[in-house]
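# Residue-level structural notes
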Amino acid sequence: DTAVSQTPKYLVTQMGNDKSIKCEQNLGHDTMYWYKQDSKKFLKIMFSYNNKELIINETVPNRFSPKSPDKAHLNLHINSLELGDSAVYFCASSRAGSTGGVDTQYFGPGTRLTVL
Amino acid sequence: SQQGEEDPQALSIQEGENATMNCSYKTSINNLQWYRQNSGRGLVHLILIRSNEREKHSGRLRVTLDTSKKSSSLLITASRAADTASYFCATAGSQGNLIFGKGTKLSVKP
């Protein structure tokens, strides 16, 4: 069984479109995350959810919105896609997301988004 | 904000050689983690070392931590072609996320 899964794996779309990426974890973890990896392989946190509450919202445009229907899912919605949104987006989960140390995170396979 | 910085950015070695990657970070930590990313794949956790530990082993991996210098190193012994990947160190952000360095791209030639 895949621990953290994402769909789709590849997403090619036109500028201005709205798209969603889905993420599911079957590890029973409390916290889920979205990271963005740019063309230089730099990974940056975008959002995390702990028990359906948003606990991080880095300086990402409000065109990006995370939605968590339940503890096992954290979807990423992107409105009005721009060229600069092209990147690989990774979902991850962990047991704990509180201060005082970070537990091991388990990553999905990534979604490569290409905006034309 | 970026916390860790790996060094070197790229490393090319022959199979059987040892590979050493270094990581420096800026703020105090509770633990430091190393992850591997194969090309086109997600990140895989390798090892976690706590701030009160100086060295930790896992199979062919050896991680050291020097909190006074705010640095860590990852040693892969007897490298294999399958070790070819990017390696990232990560420390905790202020609210439970991980902050990654830019990674070291390791190439192991058969």
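Quick summary incoming for the structure in this document. (Residues numbered from 1 in each chain as written. Chains lettered and ligands numbered in written order. Predicted model: local features only at pLDDT ≥ 70, side-chain atom pairs only at ≥ 80, totals over all residues. Heavy atoms only, no water.)

All names here are of chain A. Overall, the coordinates contain two disulfides over all chains when judged by the stated rule. With a sulfur-sulfur separation of 1.8 Å, cysteine 23 is cross-linked through a disulfide to cysteine 91. Looking along the S-S bond of the cysteine 23-cysteine 91 disulfide, the torsion reads about -75°, which is the left-handed sense. With cysteine 23 in strand 3 (residues 19-25) and cysteine 91 in strand 9 (residues 87-94), the pair connects residues that are 68 residues apart, well separated along the chain. One exposure class covers both cysteine 23 and cysteine 91, and it is buried. (Disulfide = S-S within 2.5 Å. Helix = DSSP H or I, 4+ residues; strand = E, 2+ residues; numbered from the N terminus. Buried < 20%, exposed > 50% of the residue type's maximum accessible area, 1.4 Å probe, protein only.)

Listed as interface residues are 23 residues of chain A and, on the opposing side, 23 residues of chain B. Summing the contributions of chain A and of chain B, the shared interface buries around 1,800 Å²; its carbon and sulfur component is 57%. Connecting chain A to chain B are zero salt bridges. One can count five residue pairs in polar contact (both at pLDDT 80 or more) joining chain A with chain B. Looking at the side of chain A that touches chain B, the elements that each hand over two or more residues are strand 4 (31-37), strand 5 (43-50) and strand 6 (53-57) of chain A. It is strand 4 of chain A that contributes the most residues to the side of chain A that touches chain B, three residues altogether. A breakdown of the residues in the side of chain A that touches chain B according to their chemical character gives eleven nonpolar, nine polar and three charged. (Contact = heavy atoms within 4.5 Å. Buried area = accessible area lost by both parts, 1.4 Å probe. Salt bridge = Lys/Arg side-chain N within 4 Å of Asp/Glu carboxyl O. Polar contact = N/O pair within 3.5 Å; in protein donor to acceptor, adjacent residues only side chain to side chain. Nonpolar A, V, L, I, M, F, W, Y, C, P; charged D, E, K, R; others polar.)

For the rest of this paragraph, the subject is the pattern of salt bridges. Residues and elements named next belong to chain A. Evaluated as defined, the whole model comprises six salt bridges over all chains. Here aspartate 30 ties to lysine 71 by a salt bridge, and the two come within 3.3 Å at their closest N and O atoms. Here aspartate 30, found in the loop between strand 3 and strand 4, pairs with lysine 71, found in the loop between strand 7 (64-70) and strand 8 (73-78); they are 41 residues apart in sequence, far enough to count as distant. Where aspartate 103 meets arginine 95, a salt bridge forms, and the shortest distance between an N and an O atom there is 2.6 Å.

With that out of the way, let us pick up the environment of alanine 85 of chain B. Examined against the element boundaries, alanine 85 of chain B turns out to sit in strand 9 (residues 85-92). Setting aside chain neighbours within four positions, we find alanine 85 of chain B in contact with Arg36, Gln37, Asn38, Thr104, Lys105 and Leu106 of chain B.

Turning our eyes to something else, we now look at a positive patch on the surface. Taken together, the side chains of Lys9, Lys41 and Arg112 of chain A together with Arg41 and Lys105 of chain B make up a positively charged region of the molecular surface. Within the secondary structure layout, arginine 112 of chain A lies in strand 11 (residues 111-115). Classification of arginine 112 of chain A as partly exposed rests on a relative accessible area of 40%. (Patch = residues over 30% accessible without salt bridge, like charges linked within 9 Å, V, L, I, M, F, W, Y side chains within 5 Å. Areas by Shrake-Rupley, 256 points an atom, 1.4 Å probe, with all protein chains shown as cover. Lys, Arg positive; Asp, Glu negative; His and termini not counted. Charge placed at Lys NZ, Arg CZ, Asp CG, Glu CD.)

Right, let's get into the sheet that holds strand 7 of chain A. All names here are of chain A. If you walk across this open sheet you meet the four strands as 1-3-8-7, and the pairing is antiparallel. Because the sheet does not close on itself, it has two edges, and the strands there are strand 1 (4-7) and strand 7. Between one strand and the next, the sheet's axes are offset by a mean angle of 20°, whatever the strand orientation. (Pairing = 2+ DSSP bridges. Axes fitted to C-alpha atoms, helices over the stretch in contact; angles between N-to-C directions.)

It is worth spelling out the pairing of strand 8 (residues 71-76) of chain B at this point. All names here are of chain B. Summarising burial for strand 8: five of the six residues are buried, a large majority. Of the strand pairs in this sheet, strand 3 (residues 19-24) and strand 8 are connected by six bridges, and their pairing is antiparallel. Looking at the pairing, serine 24 lines up with serine 71 of strand 8. Pairing geometry for strand 7 (residues 61-66) and strand 8, over six bridges, is antiparallel. By the bridge assignment, aspartate 66 is partnered in strand 8 with serine 71. The turn joining strand 7 and strand 8, which pair antiparallel and follow one another in sequence, is formed by four residues; a positive phi near 50° is taken by lysine 70.

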